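Now for the letters of each chain:
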Amino acid sequence: MRDLPFLAMAVAMASCSTVKVPQPMSGSKSDGVVSMAYEVGPMEKPVIDWNQVTASATARCNAWGYKSAEAFGGEKRTCNAYNGYGNCVAALVTIDYQCTN
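Note that the structure is a prediction, hence the values are computed from the model and not measured.

Colleague: Can you tell me about the nonpolar core, naming the residues and giving the values?
Modeller: Counting residues in each nonpolar core, the largest one holds 14 residues, and the members touching the most others are Met 36, Tyr 38 and Tyr 97. Elements with a contribution of two residues or more to this core: strand 3 (33–40), helix 2 (50–63) and strand 6 (88–100). Other than its neighbours up to four places away in sequence, Tyr 97 contacts Gly 32, Val 33, Val 34, Met 36, Trp 50, Val 53, Thr 54, Ala 57, Ala 69, Glu 70, Ala 71 and Phe 72.

Colleague: Give a detailed account of the state of the cysteines, specifying residues and quantitative values.
Modeller: Under the defined criterion, the tally for this structure stands at two disulfides. At a sulfur-sulfur separation of 2.0 Å, the disulfide partner of Cys 61 is Cys 99. Note on the Cys 61 and Cys 99 pair: the S-S dihedral is about -70 degrees, so by sign convention the disulfide is left-handed. Of this pair, Cys 61 sits in helix 2 while Cys 99 sits in strand 6, and the two are 38 residues apart along the sequence. Taken individually, Cys 61 and Cys 99 each receive the classification buried, so the pair is uniform in this respect. Residue Cys 79 pairs covalently with Cys 88 via a disulfide, S to S 2.3 Å. Across the S-S bond linking Cys 79 and Cys 88, the dihedral sits near 115 degrees, which makes this disulfide right-handed. By relative accessible area, which is 31% here, Cys 88 ends up partly exposed.

Colleague: Lay out the pattern of salt bridges with the relevant residues and their values.
Modeller: A side chain with one charge can pair with a side chain of the opposite charge if their charged atoms come near. Summed over all chains, the structure comprises two salt bridges. Across the pair Glu 44 and Lys 20 runs a salt bridge whose closest N-O atoms are separated by 3.3 Å. Of this pair, Glu 44 sits in the loop between strand 3 and strand 4 (45–48) while Lys 20 sits in strand 1 (residues 17–20), placing them 24 residues apart in sequence. On the accessibility criterion, Lys 20 (17% relative accessible area) is buried. Taking the shortest distance from any N to any O, the salt bridge between Lys 76 and Asp 96 comes out at 3.2 Å. Here Asp 96 lies in strand 6 and Lys 76 lies in strand 5 (residues 68–82), a separation of 20 residues in the sequence. The exposure class assigned to Lys 76 is partly exposed, which follows from its relative accessible area of 45%.

The rules we used
- Residues numbered from 1 in each chain as written.
- Predicted model: local features only at pLDDT ≥ 70, side-chain atom pairs only at ≥ 80, totals over all residues.
- Heavy atoms only, no water.
- Core = buried A, V, L, I, M, F, W, Y, C linked by side-chain atoms within 4.5 Å.
- Buried < 20%, exposed > 50% of the residue type's maximum accessible area, 1.4 Å probe, protein only.
- Helix = DSSP H or I, 4+ residues; strand = E, 2+ residues; numbered from the N terminus.
- Contact = heavy atoms within 4.5 Å.
- Disulfide = S-S within 2.5 Å.
- Salt bridge = Lys/Arg side-chain N within 4 Å of Asp/Glu carboxyl O.

Take a look at the structure:
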């Protein structure tokens, strides 16, 4: 019973908002697509600076000769790890950006 406050605190901390910075994971110069991604746990509520992500994707597109980048297609979640009950405990979230002129 005396461990209950510690358990409650651990659950509260696990569900806290965490700052995530998506990084370029893949891309195609010929298709003009940059995939930005970050990992997330089961109870995390990621906080993302989308202006920073767009600036990073735009920098990659600039290196390929494009002028800017725009997000398209929404997020894709891919589970990277499951617990013993078959629940996803770590996922990779990917956002594609289209390079534009």
